[in-house]
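# Notes for the structure review
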Protein chains: 2
Amino acid sequence: MAKALPQTAGSPWPTAEDRDRVRLRKKEAVLSAAVRLFNSKGFNATSLDDVAEALQVTKPTIYHYFANKDEILFECVRRGLCSINDAAARVAAQGGSGADRLRALMTDYAKVMTQDFGMCVTRTADSELSAESRSQFRALKRQIDLTVRRVVEEGVKDGSLHTADARLATFTMTGALNWIGRWYDPEGEMSAEAVAAGIVSTLMNGLAATGKAA
Amino acid sequence: MAKALPQTAGSPWPTAEDRDRVRLRKKEAVLSAAVRLFNSKGFNATSLDDVAEALQVTKPTIYHYFANKDEILFECVRRGLCSINDAAARVAAQGGSGADRLRALMTDYAKVMTQDFGMCVTRTADSELSAESRSQFRALKRQIDLTVRRVVEEGVKDGSLHTADARLATFTMTGALNWIGRWYDPEGEMSAEAVAAGIVSTLMNGLAATGKAA
DNA sequence: GTACGATTTTACTCATGAGTATAGAGGTTA
DNA sequence: TAACCTCTATACTCATGAGTAAAATCGTAC
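The paragraphs below set out a description of the structure included in this document.

Scoring rules and cut-offs
Residues numbered from 1 in each chain as written. Chains lettered and ligands numbered in written order. Predicted model: local features only at pLDDT ≥ 70, side-chain atom pairs only at ≥ 80, totals over all residues. Heavy atoms only, no water. Helix = DSSP H or I, 4+ residues; strand = E, 2+ residues; numbered from the N terminus. Buried < 20%, exposed > 50% of the residue type's maximum accessible area, 1.4 Å probe, protein only. Contact = heavy atoms within 4.5 Å. Areas by Shrake-Rupley, 256 points an atom, 1.4 Å probe, with all protein chains shown as cover. Lys, Arg positive; Asp, Glu negative; His and termini not counted. Charge placed at Lys NZ, Arg CZ, Asp CG, Glu CD. Near = heavy atom within 4 Å. Polar contact = N/O pair within 3.5 Å; in protein donor to acceptor, adjacent residues only side chain to side chain. Nonpolar A, V, L, I, M, F, W, Y, C, P; charged D, E, K, R; others polar. Axes fitted to C-alpha atoms, helices over the stretch in contact; angles between N-to-C directions. Parallel < 35°, antiparallel > 145°, perpendicular 65-115°, else oblique. Left-handed = near helix turned anticlockwise from the far one by under 90°.

### Description of the overall build of chain A
Scanning chain A for helices and strands turns up nine helices and zero strands. Each helix and strand of chain A, placed in order from N terminus to C terminus, yields the pattern α-α-α-α-α-α-α-α-α. By principal-axis analysis of the C-alpha atoms, chain A measures approximately 65 × 45 × 35 Å. The buried share of chain A, taken over its 214 residues, is 46%. Of the contacts formed within chain A by residues at least 6 apart in sequence, a portion of 63% connects residues at least 24 apart. Accessible surface computed for chain A: about 10,400 Å², of which carbon and sulfur atoms make up 52%. Across chain A, 28 positive and 26 negative side-chain charges occur, with their mean positions spaced 2 Å apart.

### Structural notes on the protein's contact with DNA strand D
Of all residues adjacent to DNA strand D, which total 17 residues, the nearest are Lys69 of chain A together with Arg23, Thr58, Thr61 and Tyr65 of chain B. Here the atoms of DNA strand D within 4 Å of the protein split so that 62% fall in sugar or phosphate, with bases taking the remainder. Lys59 of chain A has a polar side-chain atom sitting 2.9 Å from a base nitrogen of DNA strand D. Between DNA strand D and the protein, one listed contact pairs a phosphate oxygen with a side-chain N or O atom of Thr61 of chain B at 2.6 Å. Of all the secondary structure elements, the ones that give two or more residues to the surface near DNA strand D are helix H3 (59-63) of chain A together with helix H1 (16-41) and helix H3 (59-65) of chain B. The biggest single contributor to the surface near DNA strand D is H3 of chain B, with four residues. Per-class residue counts for the surface near DNA strand D are seven nonpolar, six polar and four charged.

### Some points on the protein's contact with DNA strand C
In the vicinity of DNA strand C lie 17 residues, with Lys26, Thr58, Pro60, Thr61 and Tyr65 of chain A positioned nearest. Expressed as a percentage, the sugar and phosphate content of the atoms of DNA strand C within 4 Å of the protein is 61%. Within the side chain of Arg23 of chain A, one N or O atom sits 3.0 Å away from a phosphate oxygen of DNA strand C. Within the side chain of Tyr65 of chain A, a nitrogen or oxygen atom sits 2.7 Å from a phosphate oxygen of DNA strand C. Of all elements in the fold, only helix H1 (16-41) and H3 of chain A together with H3 of chain B reach the threshold of two or more residues within the surface near DNA strand C. Looking at which element gives the most residues to the surface near DNA strand C, the answer is H3 of chain B, with three residues. Each residue belonging to the surface near DNA strand C can be placed in one class, and the counts come to seven nonpolar, six polar and four charged.

### Structural notes on the side chain of Asn178 of chain A
You can see Asn178 of chain A is positioned in helix H8 (residues 166-183). Contact partners of Asn178 of chain A, with chain neighbours within four places excluded, come to Tyr109, Met113 and Thr122 of chain A together with Trp179 of chain B.

### Side note on the packing of helix H5 (residues 98-113) of chain A against helix H9 (residues 192-205) of chain A
Residues and elements named next belong to chain A. At their nearest, the axes of H5 and H9 sit 9 Å apart, and the two run at 140° to each other. In this view, H5 runs oblique relative to H9, as classed from their interaxial angle. Regarding H5 and H9, the two cross each other, and that crossing is right-handed. Contacts between H5 and H9 involve Ala99, Leu102, Arg103, Met106, Thr107, Ala110 and Lys111 from the first element and Glu193, Ala196, Val200, Leu203 and Met204 from the second. Tallied by class, residues from the contact of H5 with H9 come to eight nonpolar, one polar and three charged.

So this is what it looks like as structure tokens:
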């Protein structure tokens, strides 16, 4: 199997850093193959032999990069959640009205949900993770929820948003966004941007034609 | 184990119908125990020994009422989906503007999602069902989606609703509603009615304070 | 060339849980 | 009384898949 050539010009002999880089790439390849299989067949229905086969290696090779199956799944969902978290933190810090920030946040959130690791978050049930991973998983989700909710509350305070119950409104929103990971098909006609724009528009403006009806 | 007494007064000896009724009640008990365990621990993490234990019987007893584990899961999701379908069909047929009908539909949909079989629908991934059950599962979901979408389209036509893309708006809506099944806690503070009312209001009116902003 | 460390393979172990064979208990029908 | 049906339990089979032990390969370091 061809080894990645050193990036630094000159010597064809790989340095220690080159070897580390190759190791990381292989780890990434495992994650990438795993998340795709998890998303399409489900975590439980995917054996590590399946993942190994997709990579043209054998199962023990995978165990050379990860301690166990749970660690692989957790790393997948952790990445998805961190992407959302980054978007939320970025937006929470920036300027603009609450409505502006919420719109930006939802748009980024939606885009993450169209990607492999984002989809994995929605498709993974708490029960599939080990006890330790599960508690971290929940903590990350809670943190995202709180950040989003704070943006909503600030929007209500500055008058750009309106809702009777910020917590429930946040669940409504994140529900619609999380659900993307259940139906979105990257091979389909709609681009991630179009999906994000449409959903954000519906969530911000509502379905009622009159705007603020009862 | 005490056998249910005959409902028809008089003779204490059970008739054939009494026996059928008892059998049905036992089948129901299996389903009820199973759906609760599936919802709390996940389908894969729940063994039929667990279900049997919850009912104080042994596994072969369960197999006397159901052919296999898949049949049990499918019956659970089928019931959830049929409840939604019934609500959708009922509302689609009734009078009122598209907005009125959509509001009623969403409210019923939300309530189903707070109940055992409804929650099971959201918590069950396609991959957990057998090939045959999966295709029926998908067909039922598709039918619901189409019914809901039709109501949206009629609302747009009669001017009571507004959206650029009825399909995407339907996904936004059903996503928010389906998500209830992931977070709602029947033991919690919020009643199913309050949750339904809040989510429907947010979906109809949007989060933006100005109503019809960009 | 020898030793070493990282990588990958072959060839296992072992727990779990779905599903079954079979027998027994209890009541019903002929 | 005997044949029978329904229901339930005991005591299995068997496939699957996570995880591992141990050896082979290969490049690098001394």
